[in-house]
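Each chain, written out:
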Amino acid sequence: MSAAVGGAIVPLSFAPAPAAAQERRLPGNPSARWDFDERAGTVTREAVSGTSDPVDYVFNDARYKPDSDPVRRRGVRGRALYFDGYSTVVTAQGPAELDPAHGITLDAWIAPYAYEHGIDGKPQALVNQHDPDAKTGFLLGLRRFGQIVFQLGFGTDLIEVKGAPDQPATKGSWTHVAATYDPAARQLRLYRDGRPIGTATTPDKAPEPASDEPLLIGRHNRSTLLNGEFHANMYMGLMDSLVIRPGTLDDPTAQQEHTETVAALPGRRVPRPDLLQQRTRFDGDRHRPQFHLLPPWHWMNEPHAPVYFKGKYHIFYQHDPLGPYWGQIHWGHAVSTDMVHWRDLPIALAPAADSVGPDGCWSGSAYVDGDRGPVLFFTGGDDRLPYRQRTGLAVSAYPADGDTDLPTWTTKSEPVTEAPAGLPAGPGTAWAENFRDPFVWEEDGVWYQLVGSGIVDYDGTQVTRKHGGTALVHTARRPEGPWKYRGPLHWNDLTTQPEPGEVWELPVLLPLPGPSGARTGKHILLVSPWWEAFNPDAVKHTYYWIGTFDKRDCRFRPDHEGPASSTSASTSPAPPASSPPTAGPYSSASPRTAAANSSTPSPAGRTTPECPSASRCARTTPSASNS
């Protein structure tokens, strides 16, 4: 482990706190304490001074709905404040009588709902009063994947101690976090549930407070502004009992305090946090769609991976749980028995340090793997790699728990497929930087996977020519593989057919039934066009060909040379799904439809996903107050 000192990285010691020294003072009475026990209102009481500190919240002064108070839930003791990830922040004055030169201790109970990506390298702030440019003040917060951090400024250095990566503030449960400065040992220390998780050495000088800065709870003092509107580097989840004390916490005291706190709770147990995102937050919003599927809170785009299993329809969608803006993509999940009334389920897939997608879980598909239930194929983003897009696999807990809502998913740690440099594809090679949106099905014991990509020529790592978009075919005998590359399914020649784009996103291959529902031997191939630079046709059309799929050669042979656009056709030739047929591997018992829309960044509030089959996908239209 290491700590950042001034711009340099220095090794961290990681050992029990030194024995008490003469100068050390154990934590005294609180200098400031917020219990967040209010049941309503737009202020929270600081218990030591008795002041009422404002709680900023997007709907304190709502524009398109009645005003509503910040969200509060049951806490570890009493109530807790729910920070929504982009608007909830408490602004206060720092403890006036606190002298950090004699030690400072901060602690709080937190139950995170989601982790931020770490925009601009800044932590999600739990509480801070600091000026990072002047290297003054303090911050207690979370870095990527819930890693607990504490920063303290000394004027010349801003020292940060990081907790052990395997000891994060866990999503969906209460964690007690504590940070302390020990001037006698010249050390910062972090504690998680009373146990030490990290230390860092400090300069032989007193820390400098940032007295001119406001004390902010839930937002970084220098938060990044997104789209000119939304603050990043904000906490998302519940917080209870935030305390700032003078003096230094040592290992025995930290353990004793935590043990005594838990022993005083009902049943001597820490309760389970209520992090459910209730739609009542938007009651009275006259612009929020009432029929079309929307997430309970925050951003969505691109519904994908619809699947029918055990009498229930499941839909997934790209989702940013931290605010009403694009980024940090997870998979949202909803279930229905009639495709009209939907129930929200927990987030299905989230970026994780040990996963294929630490930097995002992007679009993909679902298919039922017999008694095992549905499996999910997704695009994993990993910015550490030269070709950062790969496909991954997630399996549900259905074989173990029998829950047909499929609320629990486990992501496999190894990629399913990836595009190495020089992968042959038609007239050139696969565009390895663009390898996404797996579409998977099983037929006659063979699993097929289409991956959206493009065909290019390379000079070393430089693209010298773009031939057109394509869907790369892989086959396997089981979802985990091994998968064998079979070449491009089909491609468009940019010189004669530029409309389908330089890359195909969200490729979909479906069998076409006849009037009686019997197979015709024909298939429809649908793609969404993508261009590296601006193109007026991007994110506007779904193009399709009708033709024949040759399973032996894994090639699609169109009946017509040029593609048609489903946005200009009077009807879309995708099969209906009003009820689940029972025959054939392509039946809607495992629908194989994906939303046709761009997987690339779009301005917040402007993405309107389209579906190649309106009867199979939900359409969403973000409203101004979809926050």
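Above: the structure in question.
Computed from a predicted model, the values in this text were never measured in an experiment.

A. Up close: the packing of aromatic side chains. The tally for this structure, following the rule as stated, stands at 22 aromatic pairs. Arranged with centres 6.0 Å apart and planes meeting at 45°, the rings of F439 and W441 form a pair that is tilted. Neither residue differs from the other here; F439 and W441 are each classed as buried. Aromatic side chains Y448 and F549 sit 5.8 Å apart centroid to centroid with 80° between the ring planes, which places their arrangement in the edge-to-face category. Taken together, the residues span a long stretch of sequence, with Y448 in strand β33 (residues 446-459) and F549 in strand β38 (residues 543-550) at a distance of 101 residues. Residue classification places Y448 among the buried positions, given a relative accessible area of 5%. Overall, the relative accessible area of 8% leaves F549 in the buried class. Within the aromatic cluster, the residues linked to one another by ring pairs are Y367, F377, W447 and W483. Seen from the ring of W297, R281 lies directly overhead, with NZ or CZ sitting 4.4 Å from the centre.

B. Molecular detail of the pattern of salt bridges. All chains considered together, the criterion is met by 29 salt bridges. One salt bridge connects R222 with D131, and the closest N-O pair in it is separated by 3.6 Å. With a gap of 91 residues between them, R222 in the loop between β17 (215-217) and β18 (225-226) and D131 in strand β10 (residues 124-131) connect regions that are remote in the sequence. Look at R222 and you get partly exposed, because its relative accessible area is 26%. The residue K162 makes a salt bridge to E160 at a minimum N-O spacing of 4.0 Å. The exposure class assigned to K162 is partly exposed, which follows from its relative accessible area of 28%. Salt bridges sharing partners connect three or more residues here, namely D369, R372, R478 and E480.

C. Up close: the sheet that holds strand β8 (residues 89-92). Taken in spatial order, the eight strands make up an open sheet running β4-β5-β8-β17-β10-β11-β12-β13, and their pairing is antiparallel. Where the open sheet ends on each side, the last strands, each with one partner, are β4 (43-45) and β13 (158-162). With strand direction ignored, the average angle separating the axes of adjacent strands in the sheet is 20°. Judged from the five bridges that link them, strand β12 (residues 148-153) and β13 form a sheet pairing that is antiparallel. Bridge pairing in β13 links L152 to I159.

D. The arrangement of the nonpolar core in detail. With 38 residues, the main nonpolar core has W34, F138, L140, F150, I217, M239 and I244 as its most contacted residues. Counting residues in each nonpolar core, the second largest holds 33 residues, with W504, L510, Y544 and F556 among its members.

E. The arrangement of the pairing of strand β11 (residues 136-142) in detail. Burial runs high along β11: seven of the seven residues are buried. One ladder, built from seven bridges, connects β10 with β11; its direction is antiparallel. Looking at β11, one finds that Q129 is bridged to F138. Hairpin connection from β10 to β11: four residues lie between these consecutive antiparallel strands, with K135 at a positive phi of about 60°. Alignment of β11 against β12, held across five bridges, turns out to be antiparallel.

F. Main features of the sheet that holds strand β21 (residues 299-309). Taken in spatial order, the four strands of this open sheet run β21-β22-β23-β24, and their pairing is antiparallel. Bordering the open sheet on either side are β21 and β24 (342-349), each of which pairs with just one other strand. Taken pair by pair, the neighbouring strands of this sheet meet at an average axis angle of 25°, ignoring direction. Where strand β22 (residues 312-320) meets strand β23 (residues 330-336), seven bridges bridge the pair, whose relative direction is antiparallel. Looking at β23, one finds that H314 is bridged to V335.

G. The arrangement of the side chain of H298 in detail. Here H298 is to be found in the loop between α1 (251-263) and β21. A polar atom in the side chain of H298 sits 2.8 Å from the backbone oxygen of D84.

Reading guide: rules and limits
- Residues numbered from 1 in each chain as written.
- Predicted model: local features only at pLDDT ≥ 70, side-chain atom pairs only at ≥ 80, totals over all residues.
- Heavy atoms only, no water.
- Phe/Tyr/Trp six-rings, centres within 6.5 Å; stacked < 30°, edge-to-face > 60°.
- Buried < 20%, exposed > 50% of the residue type's maximum accessible area, 1.4 Å probe, protein only.
- Helix = DSSP H or I, 4+ residues; strand = E, 2+ residues; numbered from the N terminus.
- Lys NZ or Arg CZ within 6 Å of the ring centre and 35° of its normal.
- Salt bridge = Lys/Arg side-chain N within 4 Å of Asp/Glu carboxyl O.
- Pairing = 2+ DSSP bridges.
- Axes fitted to C-alpha atoms, helices over the stretch in contact; angles between N-to-C directions.
- Core = buried A, V, L, I, M, F, W, Y, C linked by side-chain atoms within 4.5 Å.
- Polar contact = N/O pair within 3.5 Å; in protein donor to acceptor, adjacent residues only side chain to side chain.

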